[in-house]
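Architecture at a glance
If you want the building blocks of each chain, they are given just below.
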Amino acid sequence: MGLLDILLGRTKPVAPDLDQLFALPSAAVTLEAAAGFTPTGGGAVCFATVEGAAFEQTHREVQALLDADADRGGVPVELRQDDYGYSWLVSQRSPDQLVQLVNDLHAVNSSMEVNGFGPQLLCSLTTFTDPRTRRLALVYLYKRGTFYPLCTLADQHKRDNALELQVAALLENDLRMEKDKTRWFPLWDAPV
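We now turn to the structure provided with this report. (Residues numbered from 1 in each chain as written. Predicted model: local features only at pLDDT ≥ 70, side-chain atom pairs only at ≥ 80, totals over all residues. Heavy atoms only, no water.)

Following both chains from N to C, one finds helix α3 (residues 53–67) and helix α4 (residues 98–114) inclined at 155°, their axes separated by 10 Å at the closest point. It follows that α3 is roughly antiparallel to α4 by the angle criterion. Considering the relative orientation of α3 and α4, their crossing is right-handed. Each of F55, T58, V62, L65 and L66 in α3 lies in contact with α4, whose residues at this interface are D104, A107, V108, S111 and M112. Looking at the contact of α3 with α4, its residues break down into seven nonpolar, two polar and one charged. (Axes fitted to C-alpha atoms, helices over the stretch in contact; angles between N-to-C directions. Helix = DSSP H or I, 4+ residues; strand = E, 2+ residues; numbered from the N terminus. Parallel < 35°, antiparallel > 145°, perpendicular 65-115°, else oblique. Left-handed = near helix turned anticlockwise from the far one by under 90°. Contact = heavy atoms within 4.5 Å. Nonpolar A, V, L, I, M, F, W, Y, C, P; charged D, E, K, R; others polar.)

Set out below in structure tokens:
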């Protein structure tokens, strides 16, 4: 970074650190002990939709790799598209398989990155619930290398901001939390 960059206010983008995803299981322990939230077993990777044979080949390889897991109960990995044109690769595990879910998310992100589709990656998320059936997602922003909590209210396009701030404070020692709250995007139609 040169003097001109500093004078013009340009900053270097933060390099993604996919290994940050491996901190989710320990964060889940903190989340359950302090706030009563437990994993649902659902997770997804969101990326900008890409056309072409190279992307289709990468998608098929990733899906075959994840679907080959003999321990996976229930539905296989699914590719879904939302109303905004983004693609979601959704993985569903049993709630006690958070480590395997994190491995799934890491494998998807790594495969896309290695095959040249890193710029299309947007975020990854894992979902949690509590005894009051409140939903919480921990969202990893690929381009920032940070997490933020997303607490949406059932059947409404509203968020529980107080709970989000509480969860962020709880997890600041477990996860690299996103400091810029304008980047805490709502993701209303996330498929998990």
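After that view of the structure, there is still more to cover.
What follows is about the state of the cysteines. Under the counting rule described, the total for this entry stands at zero disulfides. Here C46 is not disulfide-linked; the sulfur of C123 is the nearest cysteine sulfur, at 4.7 Å. For C46, a relative accessible area of 4% puts it in the buried group. (Disulfide = S-S within 2.5 Å. Buried < 20%, exposed > 50% of the residue type's maximum accessible area, 1.4 Å probe, protein only.)

Before going further, it helps to examine the pattern of salt bridges. If you walk through the whole model with that rule in mind, you get seven salt bridges. In this structure, R159 engages E164 in a salt bridge whose closest nitrogen and oxygen atoms are separated by 3.0 Å. Assessed through its relative accessible area of 1%, E164 is described here as buried. (Salt bridge = Lys/Arg side-chain N within 4 Å of Asp/Glu carboxyl O.)

Moving on, we come to the environment of L175. Along the chain, L175 turns up in the segment after α5 (161–171). For L175, a relative accessible area of 3% puts it in the buried group. Along the chain, L175 and Y148 lie 27 residues apart, while their C-alpha atoms are 8.9 Å from each other. The contacts of L175, once residues within four sequence positions are left out, are A23, L24, A27, L138 and F147.

Our next topic: unusual backbone geometry. A negative phi angle characterises most non-glycine residues, just as the trans form characterises most peptide bonds. Backbone geometry places T133, a non-glycine residue, at a positive phi of 60°. The residue T133 is located in the loop between β4 (121–129) and β5 (135–141) in this model.

Looking now at the nonpolar core. Formed by 52 residues in total, the largest nonpolar core has its most connected members in L21, L31, W88, L138, V139, L171 and L175. Of all the elements, α4 adds the most residues to this core, at seven residues. (Core = buried A, V, L, I, M, F, W, Y, C linked by side-chain atoms within 4.5 Å.)

In this model, helix α2 (residues 24–35) (twelve residues) spans 15 Å end to end at C-alpha, consistent with the 16 Å of a helix rising 1.5 Å per residue. What α2 keeps buried is the set L24, A27, A28, L31 and A35. Down the axis of α2, the smallest arc covering the buried residues is 105°, so these residues share one side. Exposed and facing more than 90 degrees away from the buried side of α2 are V29 and A33. (Expected span 1.5 Å × (residues − 1). Arc of directions from axis to C-beta.)

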